[in-house]
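Take a look at the letters that make up each chain.
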Amino acid sequence: PVVSPAPSPKPTICEERTKWHPNKDFSICTNDMDFPPMWENPNVIDNYFHDSLEECCEAVFGSPICPSVDDCAPTVNPTLSPTVSPSASPVSVITTPVPSPEPTKTPTKTPTKQPTNQPTQSPSMSPSYEPT
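Values in this document were obtained by computation on a predicted structure and should not be read as measured data.

### Here's the deal with the environment of His21
In step 1: Of note, His21 is situated in strand E1 (residues 21-22).
In step 2: Sequence separation of His21 and Glu55 is 34 residues, and the distance between their C-alpha atoms is 9.2 Å.
In step 3: Ignoring anything within four residues of it in the chain, the contact list for His21 reads Ile28, Cys29, Thr30, Asn31, Asp32, Asp34, Phe35, Trp39, Tyr48, Phe49 and Cys56.

### Focus on the sheet that holds strand E3 (residues 68-69)
In step 1: Spatially, three strands are ordered E1-E2-E3 in an open sheet, and the strand pairing comes out mixed. The sheet terminates laterally at E1 and E3, the two strands that pair on one side only.

### Comments concerning the packing of aromatic side chains
In step 1: Under the definition given, this model contains five aromatic pairs.
In step 2: Their ring planes at 55° and their centres at 6.4 Å tell us that Phe26 and Tyr48 sit as a pair that is tilted. With Phe26 in the loop between E1 and strand E2 (29-30) and Tyr48 in helix H2 (residues 45-48), this residue pair connects regions lying 22 residues apart in the sequence.
In step 3: For Tyr48, a relative accessible area of 12% gives the class buried.
In step 4: The interplanar angle of 75° and the centroid separation of 6.5 Å between the aromatic rings of Trp39 and Phe49 together place this pair among those described as edge-to-face. Here Trp39, found in the loop between E2 and H2, pairs with Phe49, found in the loop between H2 and helix H3 (53-61); they are ten residues apart in sequence, far enough to count as distant. The same class applies to Trp39 and to Phe49, which are both buried.

Each value, and the rule that gives it
- Residues numbered from 1 in each chain as written.
- Predicted model: local features only at pLDDT ≥ 70, side-chain atom pairs only at ≥ 80, totals over all residues.
- Heavy atoms only, no water.
- Helix = DSSP H or I, 4+ residues; strand = E, 2+ residues; numbered from the N terminus.
- Contact = heavy atoms within 4.5 Å.
- Pairing = 2+ DSSP bridges.
- Phe/Tyr/Trp six-rings, centres within 6.5 Å; stacked < 30°, edge-to-face > 60°.
- Buried < 20%, exposed > 50% of the residue type's maximum accessible area, 1.4 Å probe, protein only.

Encoded structure:
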C-alpha cells in the first residue's frame, strides 16, 4: 500500500494562514505572520484579528480605509534596490471619508477597541465625565 504524507499542520494558502491585524506599533493593518504570540490568547484574539482589511481598519483606525500591507499580494515588479529619494508625486491616490460638518449627537455603534497610538497634544480645559 502507498502511504500519503500527513497534511501540513497549518494552512499553506496565504489568505488562510492568518487574519488581518494591526502591526506591532498599530500604524498599519496587515495579514503577515509578525505579531506578538500573546495576541493569539483566546481571551484577546478577537481584539486583534479580523476577517477583512476593512474590519481591521475600522477597529484600529475607525475608518474602513487605512494604511495597509497585504502579505499575500507581493510587489508586481520589485526593484533590486530601494530608490535614492522619494518620487515627486504619489503613485496612488488614497481618499479618506469627508468629515461630518458637525459633531455627532450620539456615540458610535462600533467604537474602536484599542487606545490611540499617541496621547493628545494638550489636556482638555474642561474634562468631561463621559467619553467624547
